[in-house]
Amino acid sequence: QVQLVESGGGLVQAGGSLRLSCAASGRTFSSYAMAWFRQAPGKEREFVAAITWVGCYTAYADSVKGRFTISRDNAKNTVFLQMTSLKPEDAATYYCAADLKRSTSWRLYDSSNEYNYWGQGTQVTVSS
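The paragraphs below set out a description of the structure included in this document. All figures in this text were calculated on a predicted structure; none of them were measured in a lab. (Residues numbered from 1 in each chain as written. Predicted model: local features only at pLDDT ≥ 70, side-chain atom pairs only at ≥ 80, totals over all residues. Heavy atoms only, no water.)

1. With respect to the state of the cysteines
- Scanning the model with the defined rule gives 1 disulfide in all.
- Between Cys22 and Cys96 runs a disulfide, and the two sulfur atoms are separated by 2.1 Å. Looking along the S-S bond of the Cys22-Cys96 disulfide, the torsion reads about -75°, which is the left-handed sense. Of this pair, Cys22 sits in strand 3 (residues 18–25) while Cys96 sits in strand 9 (residues 92–99), placing them 74 residues apart in sequence.
- Sulfur of Cys56: no disulfide; nearest cysteine sulfur belongs to Cys96 and is 19 Å away.
- Given the relative accessible area of 54%, Cys56 is considered exposed. (Disulfide = S-S within 2.5 Å. Helix = DSSP H or I, 4+ residues; strand = E, 2+ residues; numbered from the N terminus. Buried < 20%, exposed > 50% of the residue type's maximum accessible area, 1.4 Å probe, protein only.)

2. Considering the packing of aromatic side chains
- On inspection of all chains with the given rule, the structure shows 5 aromatic pairs.
- For the pair Trp53 and Trp106, a centre-to-centre distance of 5.4 Å together with 55° between the ring planes defines the contact as tilted. One end of the pair, Trp53, is in the loop between strand 5 (46–51) and strand 6 (58–60); the other, Trp106, is in the loop between strand 9 and strand 10 (117–118), with 53 residues separating them in the sequence.
- Of the aromatic side chains, those joined through ring pairs into one cluster are Phe37, Phe47, Tyr115 and Trp118.
- Over the ring of Trp118 we find Arg45; its NZ or CZ atom is 4.8 Å from the centre of that ring. (Phe/Tyr/Trp six-rings, centres within 6.5 Å; stacked < 30°, edge-to-face > 60°. Lys NZ or Arg CZ within 6 Å of the ring centre and 35° of its normal.)

3. Details of the nonpolar core
- Among the nonpolar cores identified, the biggest contains 38 residues, and Met34, Trp36, Leu81, Met83 and Tyr94 are the most heavily contacted of them.
- Counting residues per element, the ones that place at least two in this core are strand 3, strand 4 (33–39), strand 5, strand 7 (68–73), strand 8 (78–83), strand 9 and strand 11 (122–127).
- Residues contacting Met83, with those up to four places away along its chain left out, are Gly16, Ser17, Leu18, Leu20, Arg67, Phe68, Tyr94 and Val124. (Core = buried A, V, L, I, M, F, W, Y, C linked by side-chain atoms within 4.5 Å. Contact = heavy atoms within 4.5 Å.)

4. Considering the sheet that holds strand 3
- Taken together, 4 strands build an open sheet; the order of strands is 1-3-8-7 and the sheet is antiparallel. Either end of the sheet is taken by a strand with one partner, and the two such strands are strand 1 (3–7) and strand 7. Within this sheet the neighbouring strands show an average axis-to-axis angle of 15°, counted without direction. (Pairing = 2+ DSSP bridges. Axes fitted to C-alpha atoms, helices over the stretch in contact; angles between N-to-C directions.)

Shown next as structure tokens:
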């Protein structure tokens, strides 16, 4: 059974940093792209960042570019999201997602429809 479990969320002051982790289990994820999305109350889920299967290529939403960094450790089946210079508008539930439909693909997607496995989310709160 495929599982994605996020951790690392919490309360942080504006300008602070957090590192989110997503531990994957149930199969080997090293051949598949992974991504982070977020959803704030009353808003639609939005793309944050994605990374290819070997981590060579990454993609970011314009709103987080230069502040967030996605990375992965395939030996540990874990994906990370390092968030710095956090702003109140970054507050949301952050979700890890896996694209297990396309093995060893070099293409990254920013649509939630392209990812077929999701974690339960971890809450990030940013105080001003």
